[in-house]
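Secondary and tertiary structure notes
This is what each chain is made of:
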Amino acid sequence: MHYQPTSDPSTISSLKAEWRKTLTAPQDGMWESLTGNAQHWEIRQDSELVGYACVDDEHRLLQFYLQPEFLAEGPAAFQQFIEEQKIKKALIGTNNPVCLSLAMHWQKSVLVDTYLFEDYLDKKPDPIDGVFRSAGEAELERLVDFYQTSMGAPADWLRSYTGDLLSKGEVFVLEQGAEILGACEVRKSVVQPEVADLGMVVSVNHRRKGLGTYLLGQAKRISHEWDRKPICSCEKENAGSLQSILNNGFRSVHQMLVMEF
(Lines give C-alpha, C1' and ligand atoms only; values in the text may rest on other atoms or scores of the structure.)
Protein backbone atom coordinates (compact mmCIF):
# COMPACT_ATOMS: atom_id res chain seq x y z
CA MET A 1 0.00 0.00 0.00
CA HIS A 2 1.05 3.60 -0.42
CA TYR A 3 0.01 6.85 1.21
CA GLN A 4 -0.42 10.30 -0.26
CA PRO A 5 -1.40 13.50 1.56
CA THR A 6 -4.50 15.34 0.41
CA SER A 7 -5.56 18.92 1.00
CA ASP A 8 -9.10 18.12 -0.11
CA PRO A 9 -10.90 16.00 2.54
CA SER A 10 -13.87 15.61 0.19
CA THR A 11 -11.87 12.92 -1.64
CA ILE A 12 -12.35 10.66 1.38
CA SER A 13 -15.81 11.80 2.50
CA SER A 14 -17.43 8.50 1.47
CA LEU A 15 -14.82 6.60 3.50
CA LYS A 16 -15.50 8.80 6.53
CA ALA A 17 -19.21 7.99 6.20
CA GLU A 18 -18.35 4.27 6.13
CA TRP A 19 -16.10 4.68 9.16
CA ARG A 20 -18.79 6.42 11.24
CA LYS A 21 -21.01 3.37 10.78
CA THR A 22 -18.36 1.29 12.56
CA LEU A 23 -18.35 3.43 15.71
CA THR A 24 -19.80 1.79 18.80
CA ALA A 25 -20.67 5.19 20.38
CA PRO A 26 -20.79 8.80 19.11
CA GLN A 27 -17.52 10.64 18.67
CA ASP A 28 -17.01 13.74 20.76
CA GLY A 29 -16.89 17.19 19.19
CA MET A 30 -13.36 18.05 20.29
CA TRP A 31 -12.01 15.01 18.47
CA GLU A 32 -14.02 15.95 15.38
CA SER A 33 -12.48 19.42 15.54
CA LEU A 34 -8.98 17.96 15.83
CA THR A 35 -9.45 15.67 12.86
CA GLY A 36 -11.06 18.43 10.81
CA ASN A 37 -7.87 20.51 11.14
CA ALA A 38 -5.46 17.59 10.74
CA GLN A 39 -3.46 16.48 7.71
CA HIS A 40 -5.38 13.77 5.85
CA TRP A 41 -3.79 10.96 3.90
CA GLU A 42 -5.28 8.72 1.23
CA ILE A 43 -4.42 5.04 1.57
CA ARG A 44 -4.21 3.35 -1.82
CA GLN A 45 -3.73 -0.19 -3.03
CA ASP A 46 -2.22 0.35 -6.46
CA SER A 47 -4.53 3.11 -7.77
CA GLU A 48 -7.57 2.14 -5.67
CA LEU A 49 -8.56 4.29 -2.67
CA VAL A 50 -8.99 1.79 0.19
CA GLY A 51 -8.73 3.90 3.34
CA TYR A 52 -7.50 7.08 4.96
CA ALA A 53 -5.48 8.37 7.89
CA CYS A 54 -5.02 11.70 9.60
CA VAL A 55 -2.26 13.21 11.73
CA ASP A 56 -2.56 16.37 13.82
CA ASP A 57 -0.11 19.26 14.14
CA GLU A 58 1.47 17.57 17.18
CA HIS A 59 2.29 14.64 14.87
CA ARG A 60 -0.17 12.34 16.66
CA LEU A 61 -2.11 9.79 14.66
CA LEU A 62 -5.85 10.45 15.07
CA GLN A 63 -7.35 8.05 12.57
CA PHE A 64 -6.46 5.06 10.44
CA TYR A 65 -9.30 3.41 8.56
CA LEU A 66 -9.30 0.61 6.00
CA GLN A 67 -12.27 -0.84 4.18
CA PRO A 68 -13.20 -4.32 5.50
CA GLU A 69 -11.93 -6.20 2.45
CA PHE A 70 -8.42 -4.83 3.10
CA LEU A 71 -8.27 -5.38 6.86
CA ALA A 72 -6.34 -8.63 6.48
CA GLU A 73 -3.39 -6.43 5.52
CA GLY A 74 -4.27 -3.86 8.18
CA PRO A 75 -1.57 -4.46 10.81
CA ALA A 76 1.22 -4.37 8.23
CA ALA A 77 -0.29 -1.30 6.54
CA PHE A 78 -0.58 0.48 9.90
CA GLN A 79 3.04 -0.33 10.77
CA GLN A 80 4.21 0.89 7.36
CA PHE A 81 2.41 4.22 7.81
CA ILE A 82 3.68 5.01 11.32
CA GLU A 83 7.23 4.04 10.36
CA GLU A 84 7.24 6.08 7.14
CA GLN A 85 5.76 9.13 8.92
CA LYS A 86 7.86 8.59 12.08
CA ILE A 87 4.74 8.68 14.27
CA LYS A 88 5.34 7.92 17.95
CA LYS A 89 1.93 8.73 19.48
CA ALA A 90 -1.77 8.31 18.72
CA LEU A 91 -5.04 9.54 20.23
CA ILE A 92 -7.68 6.87 19.62
CA GLY A 93 -11.10 6.21 21.12
CA THR A 94 -12.24 2.83 22.41
CA ASN A 95 -15.43 3.53 20.42
CA ASN A 96 -13.34 3.34 17.23
CA PRO A 97 -12.76 -0.42 16.92
CA VAL A 98 -11.12 -0.51 13.47
CA CYS A 99 -8.37 1.96 14.32
CA LEU A 100 -7.99 0.71 17.89
CA SER A 101 -7.54 -2.92 16.88
CA LEU A 102 -4.85 -2.03 14.34
CA ALA A 103 -2.99 0.25 16.73
CA MET A 104 -2.96 -2.37 19.49
CA HIS A 105 -0.55 -4.50 17.44
CA TRP A 106 2.20 -1.89 17.75
CA GLN A 107 1.56 0.05 20.96
CA LYS A 108 4.18 0.10 23.69
CA SER A 109 2.01 1.91 26.26
CA VAL A 110 -1.65 2.94 26.65
CA LEU A 111 -3.06 5.61 28.97
CA VAL A 112 -6.58 6.99 29.38
CA ASP A 113 -6.62 10.67 28.37
CA THR A 114 -10.30 11.62 28.19
CA TYR A 115 -13.60 10.10 29.29
CA LEU A 116 -16.40 9.97 26.70
CA PHE A 117 -19.86 10.15 28.26
CA GLU A 118 -23.35 9.17 27.16
CA ASP A 119 -26.68 9.83 28.89
CA TYR A 120 -27.64 6.79 30.95
CA LEU A 121 -29.73 7.97 33.92
CA ASP A 122 -32.61 10.41 34.30
CA LYS A 123 -31.27 12.88 36.87
CA LYS A 124 -32.31 16.48 37.38
CA PRO A 125 -30.05 18.95 39.22
CA ASP A 126 -31.25 21.12 42.09
CA PRO A 127 -32.45 24.62 41.14
CA ILE A 128 -30.04 27.55 41.36
CA ASP A 129 -30.76 31.22 42.07
CA GLY A 130 -30.29 33.23 38.91
CA VAL A 131 -31.65 33.72 35.42
CA PHE A 132 -30.93 31.00 32.84
CA ARG A 133 -31.45 32.08 29.24
CA SER A 134 -30.27 31.82 25.65
CA ALA A 135 -27.42 34.18 24.71
CA GLY A 136 -27.66 36.46 21.68
CA GLU A 137 -25.10 37.41 19.03
CA ALA A 138 -24.87 40.98 20.41
CA GLU A 139 -23.30 39.50 23.57
CA LEU A 140 -20.22 38.15 21.79
CA GLU A 141 -17.62 40.42 23.40
CA ARG A 142 -19.13 39.98 26.86
CA LEU A 143 -18.95 36.21 26.49
CA VAL A 144 -15.41 36.34 25.08
CA ASP A 145 -14.35 38.27 28.20
CA PHE A 146 -16.12 35.74 30.44
CA TYR A 147 -14.58 32.72 28.70
CA GLN A 148 -11.12 34.25 28.64
CA THR A 149 -11.25 35.03 32.37
CA SER A 150 -12.64 31.59 33.19
CA MET A 151 -10.58 29.45 30.79
CA GLY A 152 -7.57 31.50 29.69
CA ALA A 153 -8.05 30.69 25.99
CA PRO A 154 -6.87 33.19 23.32
CA ALA A 155 -9.39 35.95 22.60
CA ASP A 156 -9.18 35.65 18.80
CA TRP A 157 -9.95 31.93 18.92
CA LEU A 158 -12.76 32.48 21.42
CA ARG A 159 -14.27 35.21 19.25
CA SER A 160 -14.44 32.90 16.23
CA TYR A 161 -15.57 29.82 18.18
CA THR A 162 -18.18 31.58 20.33
CA GLY A 163 -19.46 33.72 17.47
CA ASP A 164 -20.23 30.60 15.45
CA LEU A 165 -22.13 29.00 18.35
CA LEU A 166 -24.07 32.21 19.06
CA SER A 167 -25.16 32.43 15.42
CA LYS A 168 -26.72 28.98 15.79
CA GLY A 169 -28.37 29.62 19.17
CA GLU A 170 -26.19 27.09 20.96
CA VAL A 171 -24.95 29.19 23.93
CA PHE A 172 -26.86 29.71 27.20
CA VAL A 173 -25.92 31.78 30.26
CA LEU A 174 -26.73 31.78 33.96
CA GLU A 175 -26.74 35.30 35.43
CA GLN A 176 -27.32 37.15 38.68
CA GLY A 177 -27.88 40.79 37.87
CA ALA A 178 -25.17 41.88 35.45
CA GLU A 179 -22.80 39.04 36.38
CA ILE A 180 -22.39 35.85 34.35
CA LEU A 181 -22.10 32.96 36.78
CA GLY A 182 -21.63 30.37 34.08
CA ALA A 183 -22.41 29.35 30.53
CA CYS A 184 -23.25 26.13 28.74
CA GLU A 185 -23.19 25.04 25.13
CA VAL A 186 -25.46 22.61 23.28
CA ARG A 187 -23.53 22.02 20.07
CA LYS A 188 -25.54 20.35 17.32
CA SER A 189 -23.24 17.94 15.52
CA VAL A 190 -23.33 18.29 11.74
CA VAL A 191 -21.75 14.91 10.94
CA GLN A 192 -23.81 13.12 13.62
CA PRO A 193 -27.25 14.75 13.25
CA GLU A 194 -28.74 12.73 16.09
CA VAL A 195 -26.20 14.06 18.61
CA ALA A 196 -25.64 17.24 20.65
CA ASP A 197 -22.24 17.72 22.28
CA LEU A 198 -22.51 19.52 25.63
CA GLY A 199 -20.09 21.79 27.43
CA MET A 200 -20.15 24.20 30.35
CA VAL A 201 -17.92 26.83 31.98
CA VAL A 202 -18.31 28.22 35.51
CA SER A 203 -16.95 31.58 36.64
CA VAL A 204 -13.76 31.28 38.69
CA ASN A 205 -15.55 33.20 41.45
CA HIS A 206 -18.45 30.74 41.73
CA ARG A 207 -16.98 27.27 41.57
CA ARG A 208 -17.77 24.44 44.01
CA LYS A 209 -21.33 25.70 44.41
CA GLY A 210 -23.11 23.18 42.17
CA LEU A 211 -23.31 25.55 39.18
CA GLY A 212 -21.55 23.12 36.85
CA THR A 213 -24.05 20.40 37.67
CA TYR A 214 -26.95 22.82 37.13
CA LEU A 215 -25.63 24.16 33.81
CA LEU A 216 -24.93 20.71 32.41
CA GLY A 217 -28.39 19.58 33.50
CA GLN A 218 -29.95 22.49 31.61
CA ALA A 219 -27.86 21.64 28.55
CA LYS A 220 -29.02 18.01 28.77
CA ARG A 221 -32.65 19.15 29.00
CA ILE A 222 -32.29 21.39 25.94
CA SER A 223 -30.63 18.59 23.98
CA HIS A 224 -33.61 16.32 24.64
CA GLU A 225 -36.00 19.14 23.69
CA TRP A 226 -34.14 19.37 20.38
CA ASP A 227 -34.57 15.60 19.97
CA ARG A 228 -30.83 15.04 20.11
CA LYS A 229 -28.82 12.53 22.09
CA PRO A 230 -26.62 14.43 24.61
CA ILE A 231 -22.96 13.47 24.90
CA CYS A 232 -20.02 15.12 26.63
CA SER A 233 -16.42 14.47 27.57
CA CYS A 234 -13.78 15.58 30.06
CA GLU A 235 -10.10 15.00 30.66
CA LYS A 236 -9.33 12.30 33.19
CA GLU A 237 -7.80 14.73 35.68
CA ASN A 238 -10.66 17.27 35.60
CA ALA A 239 -12.31 16.25 38.86
CA GLY A 240 -14.76 19.17 38.95
CA SER A 241 -16.22 18.55 35.52
CA LEU A 242 -16.24 14.80 36.11
CA GLN A 243 -18.44 15.16 39.18
CA SER A 244 -20.86 17.52 37.42
CA ILE A 245 -21.17 15.06 34.55
CA LEU A 246 -21.80 12.07 36.83
CA ASN A 247 -24.35 14.08 38.83
CA ASN A 248 -26.41 14.45 35.65
CA GLY A 249 -26.64 10.74 34.91
CA PHE A 250 -23.90 10.52 32.28
CA ARG A 251 -21.63 7.49 32.35
CA SER A 252 -18.38 6.69 30.57
CA VAL A 253 -18.19 3.37 28.75
CA HIS A 254 -15.60 4.66 26.27
CA GLN A 255 -12.42 6.70 26.57
CA MET A 256 -9.87 8.44 24.39
CA LEU A 257 -6.54 6.67 24.76
CA VAL A 258 -3.01 8.00 24.28
CA MET A 259 -0.83 5.32 22.73
CA GLU A 260 2.91 5.31 22.24
CA PHE A 261 4.58 3.22 19.55
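Right, let's walk through the structure included here. This is a predicted model, so every value here is computed, not measured. Note on numbering: residues in each chain are counted from 1, in written sequence order. Given that the model is predicted, a residue must reach a pLDDT of at least 70 before its local features are reported, and side-chain atom pairs must reach 80 or more before they are shown or counted; all residues, however, enter totals for whole chains, interfaces and linings. As a rule here, side-chain values cover all heavy atoms of the structure and leave hydrogens and water aside.

**A look at the overall build of the protein chain**
Strands are runs of DSSP state E lasting at least two residues, helices are runs of H or I lasting at least four, and both sets are numbered from the N terminus onward. The number of helices and strands found in the protein chain is 8 helices and 12 strands. As defined in this context, the radius of gyration uses C-alpha atoms, and a globule is described by 2.2 Å times the residue total to the power 0.38. Compactness check: the protein chain gives a C-alpha radius of gyration of 20 Å against a globular reference of 18 Å for 261 residues, within 12% of the reference. A principal-axis box enclosing the C-alpha atoms of the protein chain has dimensions of 65 × 35 × 30 Å. With a 1.4 Å probe rolled over the protein chains alone, any residue whose accessible area is under 20% of its type maximum counts as buried; one over 50% counts as exposed, and the rest are partly exposed. A total of 261 residues make up the protein chain; the buried ones form 49% of that total.

**Remarks on the sheet that holds strand E2 (residues 39–45)**
Any two strands with at least two DSSP-identified bridges between them are counted as paired. Taken in spatial order, the 12 strands line up as E1-E2-E3-E4-E5-E12-E6-E11-E10-E9-E8-E7 in an open sheet, and their pairing is mixed. The sheet terminates laterally at strand E1 (2–6) and strand E7 (131–134), the two strands that pair on one side only. Strand-to-strand, the axes of this sheet are offset by a mean angle of 30°, without reference to chain direction. Pairing of strand E9 (residues 179–188) with strand E10 (residues 195–202) involves 7 bridges; the strand directions are antiparallel. Helix axes use the C-alpha atoms of the stretch in contact, all axes being lines fitted to C-alpha atoms, and the angles between their N-to-C directions lie in the range 0 to 180 degrees.

**So, the packing of aromatic side chains**
Each pair of aromatic rings taken from Phe, Tyr and Trp, with Trp reduced to its six-membered ring, is defined by centres within 6.5 Å and is described as stacked if the planes are under 30 degrees apart, edge-to-face if over 60, and tilted in the remaining cases. Here the structure, examined in full by the defined rule, presents 13 aromatic pairs. Ring centres of Trp 19 and Trp 31 lie 5.6 Å apart, and the angle between their planes is 35°; this geometry places the pair in the tilted category. Of this pair, Trp 19 sits in helix H1 (residues 13–22) while Trp 31 sits in helix H2 (residues 29–36), and the two are 12 residues apart along the sequence. An aromatic cluster is built from Tyr 3, Trp 41, Phe 64, Phe 78, Phe 81 and Phe 261, whose rings are joined through pairwise contacts. In this scheme, the term charge over a ring applies when either NZ of a lysine or CZ of an arginine sits within 6 Å of the ring centre and within 35 degrees of the ring normal. It is Lys 188 that lies over the ring of Trp 226; its NZ or CZ is 4.8 Å from the centre.

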